[in-house]
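Fold and contact review
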Amino acid sequence: MKYISTRGAAPILSFEEAMLSGLARDGGLYLPESIPTLSHGDIAALSGLPYEEIAFRIMRPFIGETFTDDEFAEIIAKAYAGFGHDARAPLVQLAENHFLLELFHGPTLAFKDFAMQLIGQLFEASLKRSGNRVTIVGATSGDTGSAAIEAFRGLEAVDVFILYPHGRVSEVQRRQMTTPSESNVHTLAMDGHFDDCQARVKDMFNDFDFRDGVRLAGVNSINWARVLAQVVYYFSSAVSLGAPHRKVSFTVPTGNFGDIFAGYIAKRMGLPIEQLVVATNQNDILHRCLATGDYRPDGVIPSISPSMDIQVSSNFERALFYAYGGDGAAISALMDELKEGGFKVSQGAREALSETFNSGRVSEEDTLATIRNTFARTGELLCPHSAVGVQVANAQRIGHTPMITLATAHPAKFPDAVKSASGVHPALPPRMADLFDRDERVTRIGNDLGAIETLIRERIAL
Ligand SMILES: *Cc1c(COP(=O)(O)O)cnc(C)c1O
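Residues numbered from 1 in each chain as written. Predicted model: local features only at pLDDT ≥ 70, side-chain atom pairs only at ≥ 80, totals over all residues. Heavy atoms only, no water.

**Digging into the overall build of the protein chain**
As a reminder of what qualifies: Counting from the N terminus, the helices are DSSP H or I runs at least four residues long and the strands are E runs at least two residues long. Here the radius of gyration uses the C-alpha set of atoms, whereas the globule reference equals 2.2 Å times the residue count to the power 0.38. Partly exposed describes any residue whose relative accessible area lies between the buried limit of under 20% and the exposed limit of over 50%, with all areas from a 1.4 Å probe on protein chains only and scaled to the type maximum. Only heavy atoms enter the contact rule, under which two residues are in contact if any of them lie within 4.5 Å. The accessible surface values rely on the Shrake-Rupley method and a 1.4 Å probe; as for residues, cover is taken only from the protein chains in view.
Within the protein chain, the secondary structure is distributed over 19 helices and 16 strands. A compact globule built from 462 residues would reach a C-alpha radius of gyration of about 23 Å, and the protein chain, at 21 Å, matches this within 12%. In terms of principal-axis extent, the alpha carbons of the protein chain reach across some 60 × 50 × 50 Å. In the protein chain, buried positions account for 58% of the 462 residues. Of the contacts formed within the protein chain by residues at least 6 apart in sequence, a portion of 74% connects residues at least 24 apart. As displayed, the protein chain has an accessible area near 18000 Å², and 47% of this comes from carbon and sulfur atoms.

So this is what it looks like as structure tokens:
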């Protein structure tokens with residue numbers, strides 16, 4: 001299996017190389033050269049299997065020669081061992097033909113654990129074999145940083161440095177990043193906003209001396225291995241509702257388009273998905289684009305579903321690549337236009353997108369009302385992101401096709417919004433109940449590239 005760039009001008013890579021490099025050299029995103037398909041019988045045979053076995057069968061064709069079957073099975077087993085639910089991704093019913101896929105039973109209580117836990121084990125296995133070490137640097141507004149720290153803590157071949165904006169993450173998010181005690185975890189509270197943290201990370205990647213010297217690696221949501229890990233739960237949930245013998249639809253709370261794009265890959269692999277519905281909060285660039293064809297970033301308005309507060313949705317480039325029939329030059333031209341303010345999707349590409357994708361947008365008030373109503377009707381407490389999904393699904397559901405809405409985070413990660421909507425304070429799961437008693441370890445640092453680079457070099461003692 002070979003990987004190509006969405007902009008058509010970067011070297012073709014193996015799975016292992018694409019995973020370790022993240023972004024392609026032409027600025028594009030890696031995709032498999034062709035998408036393997038599963039037969040009706042292959043999909044039917046997934047029914048009733050453990051999550052790990054489904055994961056193995058879905059992902060195996062994409063990893064090529066990178067790992068043997070035994071190695072890959074062990075990587076998967078380790079990745080999901082720390083989840084707090086035997087089913088890994090359990091499905092609960094909300095209403096007639098409407099189901100909620102709970103993706104928040106991982107170690108940091110958000111769906112990002114599905115991909116990050118796997119990528120941690122993939123990196124470790126690959127680096128141990130080559131004898132290399134890497135330094136992972138990431139910026140976070142909360143969820144990605146804690147998921148990365150949980151995934152890489154204690155691994156031998158990796159140091160992980162996470163920059164978060166001092167004083168601007170929730171207490172649960174901060175404690176998840178500052179309480180791990182392993183010496184390869186380095187949590188940095190930087191002065192400034194999330195955008196400043198992200199800008200310093202970009203600066204480090206553009207400082208080639210530093211980048212090569214410390215062997216910098218990135219694990220943000222454009223990494224293909226992260227998308228791949230997310231394909232699995234589309235299959236596991238659909239077969240438990242009767243696929244491939246009947247169709248299902250999904251509604252996905254969306255920011256960077258990584259999670260819903262994994263659903264698109266599942267569909268291309270043969271899973272009978274009728275609709276993939278993009279659910280956005282008031283930061284609705286994707287909804288506007290799917291409705292009008294115009295992709296034009298506006299300023300970000302902070303919301304109660306902060307993990308979906310985005311201006312530019314990086315993984316949308318992958319969907320555009322397929323909508324434009326795999327024309328890398330066309331995608332490259334669109335991305336140039338984006339630098340000038342935005343672009344218009346061609347008529348043909350719009351039609352291709354609308355065959356699969358639908359969309360909706362939810363206001364802050366309606367998000368709170370959905371948390372309140374869903375709790376009253378079902379007893380299920382939704383986090384604000386999941387509530388955006390449930391509200392859009394409620395408005396879209398048509399006919400007899402079951403709708404599965406993805407619940408992307410545990411309500412206890414966003415206690416203030418959940419409490420104000422429902423009157424109930426969402427409790428942390430028992431295995432995390434001592435989070436507020438654990439010691440914190442964090443380094444304050446200024447918004448200063450030189451100081452950050454010096455600290456990283458010292459910590460990894462190069
Ligand atoms: C990251 C995140 C999202 C958005 O997922 P994308 O893959 O970026 O579209 C939604 N909800 C939560 C809780 C998240 O952490």
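There's plenty left to go through after this.
**Notes on helix α14 (residues 328-339)**
Just so we agree on the cut-off: Residue count minus one, scaled by 1.5 Å, sets the expected span of a helix. Polar contact is defined as a pair of N or O atoms within 3.5 Å, subject to the rule that within protein one atom must be able to donate a hydrogen and the other to accept it, and that residues adjacent in sequence are counted only when both atoms are side-chain atoms.
In this model, α14 (12 residues) spans 17 Å end to end at C-alpha, consistent with the 16 Å of a helix rising 1.5 Å per residue. Against the buried residues of α14 lie β12 (294-295), α13 (316-323) and β13 (343-344). Where α14 begins, the side chain of D327 points an oxygen toward the backbone nitrogen of A329, at a separation of 3.2 Å. One or two steps after α14, the chain reaches G341, where phi turns positive at roughly 135 degrees.

**Concerning the sheet that holds strand β14 (residues 357-361)**
Rules: When DSSP finds two or more bridges between two strands, those strands count as paired. Axis lines are fitted to C-alpha atoms, over the contacting stretch for helices. Their N-to-C directions set the angle, which ranges from 0 to 180 degrees.
One open sheet accounts for 6 strands, arranged β4-β5-β15-β10-β11-β14; its pairing is mixed. Among the strands making up the open sheet, the edge pair consists of β4 (91-95) and β14. Across this sheet, the average inter-strand angle for adjacent strands is 25 degrees, counted without regard to direction. Across the sheet, helix α15 (residues 347-356) lies against β11 (273-280) and β14, angled at about 80 degrees from β14, the strand it touches most.

**Focus: the UniProt feature "domain: Threonine synthase N-terminal" (unreviewed entry) in the protein chain**
Note the threshold: UniProt positions are given in the numbering used here, feature names are shortened, and annotations may be inferred rather than shown by experiment.
The UniProt feature table records "domain: Threonine synthase N-terminal" (unreviewed entry) at residues 2-80. Regarding residues 2-80, the helix share stands at 47% and the strand share at 11%, and the terminal C-alpha atoms are separated by 26 Å.

**Overview of the side chain of R88**
Relative to the helices and strands, R88 resides in the loop between α4 (69-80) and β4. Judged by its relative accessible area of 13%, R88 falls in the buried class. A distance of 3.4 Å separates a polar side-chain atom of R88 from the backbone oxygen of Y80.

**Overview of the packing of aromatic side chains**
Cut-off, in case you're wondering: Each Phe, Tyr or Trp ring, with Trp reduced to its six-membered ring, pairs with another whose centre is within 6.5 Å; inter-plane angles below 30 degrees give stacked pairs, above 60 give edge-to-face pairs, and intermediate values give tilted ones.
Here the structure, examined in full by the defined rule, presents 22 aromatic pairs. Judged by centre distance (5.9 Å) and plane angle (40 degrees), the rings of F56 and F72 are tilted. Linking F56 in helix α3 (residues 51-63) with F72 in helix α4, this pair joins segments that are 16 residues apart in sequence. The same class applies to F56 and to F72, which are both buried. Between Y234 and F250, the aromatic rings sit 4.7 Å apart at their centres with planes inclined by 65 degrees, giving edge-to-face as the arrangement. Of the two residues, Y234 is situated in helix α10 (residues 224-240) and F250 in strand β10 (residues 248-253); the sequence distance between them amounts to 16 residues. Grouping residues by exposure puts Y234 and F250 together as buried. Following the ring pairs from residue to residue traces out a cluster consisting of F257, F261, Y264, Y295, F316, F321, Y322, F343 and F357.

**Examining the site of the ligand**
In plain terms, the rule: A single heavy atom is enough: if one lies within 4 Å of a molecule or strand, its residue is considered near that molecule or strand. We call Asp, Glu, Lys and Arg charged. Ala, Val, Leu, Ile, Met, Phe, Trp, Tyr, Cys and Pro are nonpolar, and the rest, Gly among them, are polar.
The environment of the ligand is made up of 15 residues, and the closest members are K112, D143, G255, N256 and T408. Split by residue class, the shell around the ligand holds 5 nonpolar, 7 polar and 3 charged.

**Points about the sheet that holds strand β2 (residues 13-14)**
With respect to topology, 3 strands assemble into an open sheet ordered β2-β1-β3, the strand pairing being antiparallel. Of all strands in the sheet, those bounded by a partner on one side alone are β2 and β3 (30-32). In this sheet, β3 lies alongside strand β1 (residues 2-5) in antiparallel orientation, the contact comprising 3 bridges. Bridging from a neighbouring strand, S5 pairs with Y30 of β3.

**What to know about unusual backbone geometry**
Note the cis peptide between A243 and P244, where omega equals 5 degrees. Mapped onto the fold, P244 is located in the loop between α10 and β10. Of note, R215 is a non-glycine position whose phi angle comes to about 55 degrees, a positive value. When you line up the elements, R215 lands in the loop between α9 (208-214) and β9 (216-217). One non-glycine residue with positive phi stands out, namely F257, at about 70 degrees.

**Thoughts on the UniProt feature "domain: Tryptophan synthase beta chain-like PALP" (unreviewed entry) in the protein chain**
The feature "domain: Tryptophan synthase beta chain-like PALP" (unreviewed entry), as given by UniProt, occupies residues 99-332 in the numbering adopted here. As annotated, residues 99-332 comprises 45% helix and 18% strand, and the C-alpha atoms at either end are separated by 38 Å.

**Quick word on the layout of surface pockets**
Threshold: A pocket, in this scheme, is an open set of points on a 1 Å grid over the protein atoms alone with protein on both sides within 12 Å along at least 5 of 7 lines, while a cavity is a set where a 1.4 Å probe fits but cannot get out; residues line either one if an atom lies within 4 Å of a point. Grid points are joined across faces, edges and corners, and a volume is the space filled by probe spheres set on the points.
Approximately 280 Å³ is the volume found for the second largest pocket. Lining the second largest pocket are 17 residues, with G82, P107, T108, E150 and R153 sitting closest to its centre. Elements supplying a minimum of two residues to the lining of the second largest pocket: α4 and α5 (112-130). In terms of residue class, the lining of the second largest pocket is built from 6 nonpolar, 6 polar and 5 charged.

**Thoughts on the pairing of β10**
Test applied: Every crossover in which the path from the first strand over the helix to the second runs clockwise, viewed with the strands pointing away from the viewer, is termed right-handed.
Counting buried positions along β10 yields 6 of 6 residues, so the element is predominantly enclosed. Relative to β11, β10 runs parallel, the two sharing 5 bridges. If you follow V252 over to β11, its bridge partner there is V278. A crossover connection joins β10 to the parallel β11 through helix α11 (residues 258-268); in handedness this β-α-β unit is right-handed.

**Focus on the side chain of S303**
Mapping S303 onto the fold places it in the loop between β12 and α13. Only 2.7 Å separates the side chain of S303 from the side chain of D309, close enough to count as a polar contact. Discounting chain neighbours no more than four positions away, the residues touching S303 are N281, Q282, D309 and E364.

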